[in-house]
Amino acid sequence: MPSQTISVESEALRVSVFVDEQGAGYLKEVIPRGATPPPPASKYFSDSSAPLVEVRLAGEGTEKHKSSKALVGTYVGPRLKYQSHEIQTGDGTKTLNVTLSDSKITVISHLTVYDSTPIVRATATIQNSSDSDVVLTQLTSLVLGGLTSSSANWWTDYTLSVPNNSWFREAQWIEHSLPSLGVDDYGAYGRPENHYASLAHYAVSNRGTFSTEGHLPMGLLKRKDNAETWLWQVENNGSWRWEVGDWKDSVYVAAGGPIESDHDWRQRLSPGETFTTVPVALVHVLDNYETAFAALTKYRRAIRRKHTDNRTLPIIFNDYMNCLMGDPTDDKILALVDPVVKAGAEYFVIDCGWYADDAGWWDDVGEWEPSKKRFSKGLKHLLGQLREKGLTPGLWIEPEVVGVRSVVADQLPAEAFFQRDGQRIKEKNRYQLDFRHPAVRERMHGIIGRLVTEFGVGYFKFDYNIEVTQGTDVDTSSPGSGQLDHNRAYLRWVNELHDRFPDLVIENCSSGAQRMDYAMLATHALQSTSDQQDPDRYAAISAALPTAVTPEQGATWAYPQPEWDDETNALTVVNSLLGRIHLSGRLDILSPHQFGIIKEGMDVYRAIRGDLPTADAFWPLGLPAWHDEWLALGLAAASGGRFYVAVWRRGGGESVELPVPVLKGKNVDVEFLYPVAFGAESEWKAEEGVLRVKVPSKLCARLFRLTVS
């Protein structure tokens, strides 16, 4: 058959699939519209394309030239032959569907481009087209070779950044040289053996129900001269894997959801049955990483469920962090109400403990009935008092778990829980509910529905505090498959809640941010970003958060304390001003002076929050590192020439210079927004495009607004 190139284009991106004379398909181009692809600099071969999809079936091995531990180098991927293609047009999208097949299976690669955004979203659907069962052990969502084909020395010209994401230390990007990760110029390609690549690759993988425990499902490959950036994210609220490696004298990226070797995942398909992978989004810009993150932010806003919360950005008070810490009562909550209202909050969320008569509730949760001891007139009456004060009441709940001592553990059928080999899985004295089971969904629909309709709850903090790595083998092909199907069923259930109660706000939390992925965040309105209790450490998280979540979805704690000095209390407020505010702390026992510092911050937030839902982030000092003495985060408003810059000092000299290249040569008015009574000097150097800031304290934070005049 003659070769052909099939393309789909948006205003911002062109994606091309090349089909060779043998009918094999390759993702050839992901290039910004209007850009000229850099000429290949390969020493041996100008085509660094990899198979469009890489598939493994049970009983199939791996090509001898590639490690079986990698996603690429399968037998099945190269033998799939082109059958047809079509382009579907959606609301602001175009999707190229390319169908490939062999004697057993048919695979459709779905490649979606978005208006005005240089990003492609990739999934793949496989169908068993044979007359007997097949067992799938791997199916990639995205494979792309040639990421560094314009460089003759790619191993030195490019770096890979990986986002660590641990409890209390979220969204911390670490930059690596490729050779330090084992990806280097091995001289393998071009040898007489015709090796495609060396055996070297670097993979980041997650297994279990904490989808972002250890790492965010993201990666960043960029040229050192900032001439090119690749940025990607895997969208799954469970297991995933991505990898980079050398392929035909260039770097490839491959990514997708669970696979057999990492996640005990196998999917049995009967004749005619299908399976679709989790989405992977890939950004390509011929520019620096800030441009790439701006594109990813725009895409994240496009794929998420529309909710008024993301436009209005109400201030949320939650009584947990550095406040009641899971021990709410009538008296304690009512003591906080007036200060919360005075500070300007619009929601009051009662966190954990509202369902428990004593402190030993961890392994007894599951009924979600209000405590009869904590609230003298009942929880319903207390929530009514909150509404009378103009506050929308909210509650914390863990909908996916049941404590081992809970009566619910014996009320639901055995199949309603995760199991392995006939044994119910127990983690931290809790059982994992399986949302594939109708009894689970019906029960939780009833609980949430009652709290909304009878108690007037308008906000839920959906938390999740156990990690199940075993999956479940109940009614499934494999434990990993059971877990993936549960993940998807859970998201369908949350979407059903939104369909029933469109104004209900649901926060995603998982021991802070252990499920900060865009399967969850395309569904939930906002994200709890950390359980970090020290405001100075939280600053490094706050400054990095727009890499992981849109500013209007990233909720950061502001938790003032009476024993802290003024600078520390102001710093905890600045931590949250360029995102979503989770106000907490002992507002009820702050001095009038201390309370004034907090209220001033809330007033500033209400004045600027209208700019945040369309703003793009930038980092004048580069992506923050955990121990940096100075940190800076900027947000560029979509219109009006306004730029907000938060700056933190945690040591070092008393002044810092903050480059804002986009404003170089422009006249800029600098306004010190918060805290205005505290010392701060600023100077705009127009010729250099630099904001110079000087502050007196070694631990402090300031917020500025730059307006082009």
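Residues numbered from 1 in each chain as written. Predicted model: local features only at pLDDT ≥ 70, side-chain atom pairs only at ≥ 80, totals over all residues. Heavy atoms only, no water.

Caption draft 1: Up close: the overall build of the protein. Each helix and strand counted, the protein has 14 helices and 42 strands in total. Counting over 709 residues, the protein shows a buried share of 63%. For the protein, the proportion of contacts with a sequence separation of at least 24, taken over those separated by at least 6, is 70%. A total of about 24,600 Å² of accessible surface is found on the protein, and carbon and sulfur atoms cover 46% of it. Computing the positive centroid from 71 side-chain charges and the negative centroid from 91, the protein places the two 1 Å apart. (Helix = DSSP H or I, 4+ residues; strand = E, 2+ residues; numbered from the N terminus. Buried < 20%, exposed > 50% of the residue type's maximum accessible area, 1.4 Å probe, protein only. Contact = heavy atoms within 4.5 Å. Areas by Shrake-Rupley, 256 points an atom, 1.4 Å probe, with all protein chains shown as cover. Lys, Arg positive; Asp, Glu negative; His and termini not counted. Charge placed at Lys NZ, Arg CZ, Asp CG, Glu CD.)

Caption draft 2: Fine view of the packing of aromatic side chains. Enumeration according to the criterion identifies 32 aromatic pairs in this entry. Relative to tryptophan 155, the ring of tryptophan 154 has its centre 5.3 Å away and its plane inclined at 80 degrees; by these criteria the two rings are edge-to-face. Note on tryptophan 155: relative accessible area 13%, which makes it buried. Ring geometry for phenylalanine 435 against tryptophan 493: centres 5.1 Å apart, planes inclined by 55 degrees, an arrangement best described as tilted. (Phe/Tyr/Trp six-rings, centres within 6.5 Å; stacked < 30°, edge-to-face > 60°.)

Caption draft 3: Representation of the sheet that holds strand S18 (residues 251-256) in the model. One open sheet holds the 4 strands; their spatial order is S10-S18-S17-S13, and the pairing between them is antiparallel. The sheet terminates laterally at strand S10 (142-144) and strand S13 (201-206), the two strands that pair on one side only. Between one strand axis and the next, the sheet turns by 5 degrees as a mean value, whatever way the strands run. Taken together, the 6 bridges between S13 and strand S17 (residues 240-246) define a ladder with antiparallel strand orientation. Following the sheet pairing, histidine 201 is matched in S17 by glycine 245. (Pairing = 2+ DSSP bridges. Axes fitted to C-alpha atoms, helices over the stretch in contact; angles between N-to-C directions.)

Caption draft 4: Spatial organisation of the pairing of strand S24 (residues 392-397). Burial of S24 is extensive: 5 of the 6 residues sit out of reach of the surface. In the sheet, strand S23 (residues 347-350) pairs with S24 via 4 bridges, with the strands oriented parallel. Bridge pairing in S24 places isoleucine 350 opposite leucine 395. Assessed by its sense of winding, the connection that carries the chain from S23 through helix H8 (residues 379-388) to S24 is right-handed. Where S24 and strand S30 (residues 459-462) come together, 4 bridges link them in parallel fashion. Each residue of the ladder has a partner; that of leucine 395, found in S30, is phenylalanine 460. (Right-handed = clockwise from strand over helix to strand, strands pointing away.)

Caption draft 5: Seen up close, the nonpolar core. Membership of the largest hydrophobic core comes to 136 residues, with the highest contact counts inside it found for Phe348, Phe460, Phe462 and Trp648. Those residues in contact with phenylalanine 348 that sit more than four places away from it in its chain are Phe317, Asp319, Ile333, Leu336, Val337, Val340, Leu386, Leu391, Thr392, Pro393 and Gly394. If you look at the next biggest cluster of nonpolar residues, it comprises 59 residues, including Leu160, Trp232, Trp242 and Val244. (Core = buried A, V, L, I, M, F, W, Y, C linked by side-chain atoms within 4.5 Å.)

Caption draft 6: Local environment of helix H4 (residues 289-303). In a regular helix each residue adds 1.5 Å, so 15 residues correspond to 21 Å; H4 covers 21 Å between its end C-alpha atoms and thus fits that length. Counting buried residues along H4, 12 of its 15 residues qualify, which places the element largely inside the surrounding structure. Buried within H4 we find Tyr289, Glu290, Ala292, Phe293, Ala294, Ala295, Leu296, Thr297, Tyr299, Arg300, Arg301 and Ile303. Near the N-terminus of H4, the side chain that reaches the backbone nitrogen of glutamate 290, with its oxygen 3.1 Å away, is that of asparagine 288. (Expected span 1.5 Å × (residues − 1). Polar contact = N/O pair within 3.5 Å; in protein donor to acceptor, adjacent residues only side chain to side chain.)

Caption draft 7: Spotlight on a negative patch on the surface. A surface patch of like charges, here negative, comprises Asp357, Asp358, Asp364 and Glu367. In this structure, glutamate 367 sits in the loop between S23 and H8. (Patch = residues over 30% accessible without salt bridge, like charges linked within 9 Å, V, L, I, M, F, W, Y side chains within 5 Å. Salt bridge = Lys/Arg side-chain N within 4 Å of Asp/Glu carboxyl O.)

Caption draft 8: The arrangement of the pattern of salt bridges in detail. Counted by the stated rule, this structure contains 36 salt bridges. Taking the shortest distance from any N to any O, the salt bridge between glutamate 29 and arginine 14 comes out at 3.2 Å. Here arginine 14 lies in strand S2 (residues 13-19) and glutamate 29 lies in strand S3 (residues 25-32), a separation of 15 residues in the sequence. Its relative accessible area of 17% is what places arginine 14 among the buried residues. For lysine 389, the salt bridge identified is with aspartate 338, shortest N-O distance 3.0 Å. Of the two residues, lysine 389 is situated in the loop between H8 and S24 and aspartate 338 in helix H7 (residues 330-343); the sequence distance between them amounts to 51 residues. Taking relative accessible area as the criterion, aspartate 338 reaches 45% and is therefore assigned partly exposed.

Caption draft 9: The side chain of serine 250, seen in detail. Checked against the element boundaries, serine 250 lands in the loop between S17 and S18. Since its relative accessible area comes to 0%, serine 250 is described here as buried. Within polar-contact distance, the side chain of serine 250 engages the backbone nitrogen of serine 149 at 3.1 Å. In contact with serine 250, not counting residues within four places along its chain, are Ser48, Gly146, Leu147, Thr148, Ser149, Trp154 and Gly245.

Caption draft 10: Looking closely at the side chain of serine 149. Note on placement: serine 149 falls in the loop between S10 and helix H2 (154-157). A polar contact of 3.2 Å, which involves the side chain of serine 149, links it to the backbone oxygen of glycine 146.

Caption draft 11: Broad picture of the pairing of strand S34 (residues 580-583). In S34, alternate side chains face the same way, and those of Arg580 and His582 on one face and Ile581 and Leu583 on the other are all buried. Where strand S22 (residues 316-318) and S34 come together, 2 bridges link them in parallel fashion. In the strand pairing of S34, phenylalanine 317 is matched with leucine 583. When strand S33 (residues 554-558) meets S34, the two strands line up parallel, connected through 4 bridges. Of the residues in S34, the one forming a bridge with threonine 556 is isoleucine 581. Where the polypeptide runs from S33 across helix H13 (residues 566-577) and back to S34, its parallel neighbour, the crossover connection is right-handed.

Caption draft 12: Quick peek at the packing of helix H10 (residues 438-453) against helix H11 (residues 479-500). At a minimum axis separation of 11 Å, H10 and H11 run at an interaxial angle of 35 degrees. Note on packing geometry: the crossing formed by H10 with H11 is right-handed. Contacts from Arg441, Met444, His445, Ile448 and Gly449 of H10 reach H11 at Trp493, Glu496, Leu497 and Arg500. (Left-handed = near helix turned anticlockwise from the far one by under 90°.)

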